[in-house]
Amino acid sequence: MNRYESFRRSGFQKATMKRLLTSVTGSQKISMPMTIVMSGIAKMFVGELIETARIVMAERNESGPIRPCHIREAYRRLKLEGKVPKRTVPRLFR
């Protein structure tokens, strides 16, 4: 129950999200409702990622805090399921 309460109280700062949206879209006019919606979508994605990381931990019979290896595996699984959008612009450096 404690984890659920923490999830409910958490959120992204609106100023930070607005700055990120401005850099991604290139537009200076980002409305507050758009910022709130994108914050909600980002929060849902992070929640799904953490939930999948917990499943990975349970499958490996591990306990304690989530480690980066669990998050990487969770991201890989979400990507295979098609829940992570594909890149539209190729990477410059690899």
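If you look the protein up in an unreviewed UniProt entry, it shows as TAFII28-like protein domain-containing protein from Punica granatum. The UniProt entry for the protein carries the following text under Subcellular location (unreviewed entry): "Nucleus". One UniProt comment on the protein, placed under Sequence similarities (unreviewed entry), says "Belongs to the TAF11 family."

**Q** Just give me the short version of the nonpolar core, but keep the residues and values in it.
**A** Ranked by size, the top nonpolar core spans 5 residues in total: Leu49, Ala53, Ala74, Leu78 and Val84. Setting aside chain neighbours within four positions, we find Ala74 in contact with Leu49, Thr52, Ala53 and Val56.

**Q** I'd like a rundown of unusual backbone geometry, residues and numbers included.
**A** Look at Asn61: it is not a glycine, yet its phi comes out positive at around 55°. Here Asn61 lies in the loop between helix H3 (32–59) and helix H4 (68–81).

**Q** Account for H4, naming residues and giving values.
**A** Helix length check: H4 (14 residues) gives 20 Å between terminal C-alpha atoms against 20 Å at 1.5 Å per residue, within 8%. In this structure, the buried residues of H4 make contact with H3. Gly82, located one to two residues past H4, shows a positive phi value of around 85°.

**Q** Give me the lowdown on the packing of H3 against H4, citing residues and values where you can.
**A** Viewed as axis vectors pointing N to C, H3 and H4 meet at an angle of 110°, and their least axial separation amounts to 8 Å. What the angle tells us is that H3 and H4 run roughly perpendicular. Between H3 and H4 lies a crossing of right-handed hand. Taken together, the residues of H4 that come into contact with H3 (itself represented by Phe45, Glu48, Leu49, Thr52, Ala53, Ile55, Val56, Met57 and Glu59) are His70, Ile71, Glu73, Ala74, Tyr75, Arg77 and Leu78. Residue composition of the contact of H3 with H4, by class: 10 nonpolar, 2 polar and 4 charged.

Rules and cut-offs
- Residues numbered from 1 in each chain as written.
- Predicted model: local features only at pLDDT ≥ 70, side-chain atom pairs only at ≥ 80, totals over all residues.
- Heavy atoms only, no water.
- UniProt positions renumbered as here; feature names shortened; annotations may be inferred.
- Core = buried A, V, L, I, M, F, W, Y, C linked by side-chain atoms within 4.5 Å.
- Buried < 20%, exposed > 50% of the residue type's maximum accessible area, 1.4 Å probe, protein only.
- Contact = heavy atoms within 4.5 Å.
- Helix = DSSP H or I, 4+ residues; strand = E, 2+ residues; numbered from the N terminus.
- Expected span 1.5 Å × (residues − 1).
- Axes fitted to C-alpha atoms, helices over the stretch in contact; angles between N-to-C directions.
- Parallel < 35°, antiparallel > 145°, perpendicular 65-115°, else oblique.
- Left-handed = near helix turned anticlockwise from the far one by under 90°.
- Nonpolar A, V, L, I, M, F, W, Y, C, P; charged D, E, K, R; others polar.

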